[in-house]
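# Reading the structure
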Amino acid sequence: MAEWLRTPGIFGTHATMGADVSQLMATFFTLLFVVGWIQARQRKANHHHWLMLGGMVAMLAFFTSYYLFRSLGVLAFEGKEGFGGPQSLYDNVFIPLLTLHIVLVVIGLVMAIYMIVLGFRSQAFVDGRRVLKEAVLQTSGRRIAVILGSVTGVVMLLFASRVMTAGFSMGKFSVYLGLIFIIAIVFGIEVAIQRIWPNGARRHRVLGMFTMVIYCVLFVTGTVTYTMLYILYPGKIG
Ligand code: HEM
């Protein structure tokens, strides 16, 4: 499998099969979410629910397993070795673009999980029809503390099991610590967002729109990165 991902890709560019599969799936999921967005706007709430739920779960499963398998640093590494264009373009365009892309990936992953949970919490059934509940939807500070504490416990357990099988390293420790830190920040932001949009339906619409814009920008930045690396300025790799 690892070997196959390194073979030449299907689009006839300088990309490997791994990069092409990733680009193909990114296109597929972006299109899927745009369709789900249109369904929401047309008030086809049931279709919207199943498409977003299925799409987001499939996307999370695909990209996490894919990147764990391909190992995370590969994009940055390919960037350094594989970019064959001028240094100034690399410093001023490629790296800022790649950084923006990676930051948006993290936000996009968090929003995927957040929106699914919010979708379930803010919906209601009226005459058998799925609708958004026009009501205040707040989580108490106490409940947030319990959830955050439980998530921290699970992450620490995962870390402990990794230490037992593969040994302790400071790098690994900081990754897990960083994960807990990101989760804590997300809950902090959620507390602030609840104050701005206490109405669950309004929150789902506003943050849903925000999530969709993130996914569209993600697709554009990803595609430009692909084009620069594998079509315009291919380097030593591939
Ligand atoms: C996971 C990503 C999701 C995103 C990005 C998203 C986004 C949106 C957006 C932007 C709207 C407002 C459309 C508009 O009126 O302009 C909306 C409406 C809605 N969403 Fe979601 N949504 C997601 C998941 C879900 C899930 C999982 C559920 C159900 C559990 C759900 C249930 C609904 C309902 C019932 C509406 C109201 C549609 C209507 O007005 O009839 N959504 N969503």
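As a reminder, the structure under discussion sits directly above these lines.
### Considerations on the overall build of the chain
On a plain count of helices and strands, the chain comes out with eight helices and two strands. Helices and strands appear in the chain in the N-to-C order α-α-α-α-α-β-β-α-α-α. Dimensions of the chain along its principal axes, counting C-alpha atoms only, are 60 × 45 × 35 Å. A burial count over the chain gives 34% of its 238 residues as buried. Sequence separation of 24 or more characterises 69% of the internal contacts of the chain that already satisfy a separation of 6 or more. Summed over its atoms, the accessible surface of the chain is roughly 13900 Å², and 73% of this surface lies on carbon and sulfur atoms. When the 19 positive and 8 negative side-chain charges of the chain are each reduced to one mean point, those points stand 13 Å apart.

### Thoughts on the packing of helix α6 (residues 141-166) against helix α7 (residues 170-196)
α7 packs onto α6 with a crossing angle of 170 degrees between their chain directions and a minimal axis gap of 10 Å. Looking at the two axes, α6 sits roughly antiparallel to α7. The element α6 and its partner α7 pack so that their crossing is right-handed. For the pair α6 and α7, contact is made by I144, I147, L148, V151, T152, V155, M156, L158, F159, R162 and A166 and by K172, F173, Y176, L179, I180, I183, A184, F187 and V191, respectively.

### Description of the environment of R195
Take R195: it is sitting in helix α7. Its relative accessible area of 67% is what places R195 among the exposed residues. Considered as a pair, R195 and T13 are 182 residues apart in the sequence and their alpha carbons are 49 Å apart.

### Side note on unusual backbone geometry
The phi angle of most residues is negative, glycine excepted, and most peptide bonds adopt the trans form. At R43, a residue that is not glycine, the phi angle is positive and equals roughly 65 degrees. Inspection of the secondary structure assignment puts R43 in the loop between α2 (17-41) and α3 (45-70). For R43, a relative accessible area of 52% gives the class exposed.

### With respect to the environment of M59
Positionally, M59 belongs in helix α3. Its relative accessible area of 7% is what places M59 among the buried residues. In the structure, M59 is positioned 34 residues away from M25 in sequence and 8.4 Å away in space, judged by C-alpha atoms. With sequence-adjacent residues up to four places away left out, M59 is seen in contact with F29, F33, A112 and Y215.

### Structural notes on the pattern of salt bridges
Should their charged atoms come close, side chains of opposite charge can pair. Per the counting criterion, the structure on display carries three salt bridges. Note that R203 is salt-bridged to E190, the shortest N-O span being 3.9 Å. Taken as a pair, R203 in helix α8 (residues 200-232) and E190 in helix α7 lie far apart in primary sequence, 13 residues in all.

### Here's the deal with the site of the ligand
Contacts to the ligand come from 21 residues, most closely from R41, R43, H48, H49 and H204. R41 places a polar side-chain atom, nitrogen or oxygen, 3.1 Å from an oxygen atom of the ligand. A distance of 3.3 Å separates an oxygen atom of the ligand from a polar atom in the side chain of R205. Elements supplying a minimum of two residues to the shell around the ligand: α2, α3, α5 (87-122), β2 (129-132) and α8. Of the residues that constitute the shell around the ligand, the class distribution is twelve nonpolar, six polar and three charged.

### A word on the packing of aromatic side chains
Summed over the entire model, instances satisfying the criterion amount to 15 aromatic pairs. A ring pair is formed by F83 and Y90, whose centres lie 5.6 Å apart and whose planes are at 40 degrees; its orientation type is tilted. According to the relative accessible area criterion, F83 is buried, its value standing at 9%. Exposure remark for Y90: the relative accessible area of 13% places this residue in the buried category. In textbook terms, an aromatic cluster arises when at least three aromatic residues are bridged by ring pairs, as seen for F28, F29, F33, F62, F63, Y66 and Y215.

What counts, and where the lines are drawn
- Residues numbered from 1 in each chain as written.
- Predicted model: local features only at pLDDT ≥ 70, side-chain atom pairs only at ≥ 80, totals over all residues.
- Heavy atoms only, no water.
- Helix = DSSP H or I, 4+ residues; strand = E, 2+ residues; numbered from the N terminus.
- Buried < 20%, exposed > 50% of the residue type's maximum accessible area, 1.4 Å probe, protein only.
- Contact = heavy atoms within 4.5 Å.
- Areas by Shrake-Rupley, 256 points an atom, 1.4 Å probe, with all protein chains shown as cover.
- Lys, Arg positive; Asp, Glu negative; His and termini not counted.
- Charge placed at Lys NZ, Arg CZ, Asp CG, Glu CD.
- Axes fitted to C-alpha atoms, helices over the stretch in contact; angles between N-to-C directions.
- Parallel < 35°, antiparallel > 145°, perpendicular 65-115°, else oblique.
- Left-handed = near helix turned anticlockwise from the far one by under 90°.
- Salt bridge = Lys/Arg side-chain N within 4 Å of Asp/Glu carboxyl O.
- Near = heavy atom within 4 Å.
- Polar contact = N/O pair within 3.5 Å; in protein donor to acceptor, adjacent residues only side chain to side chain.
- Nonpolar A, V, L, I, M, F, W, Y, C, P; charged D, E, K, R; others polar.
- Phe/Tyr/Trp six-rings, centres within 6.5 Å; stacked < 30°, edge-to-face > 60°.

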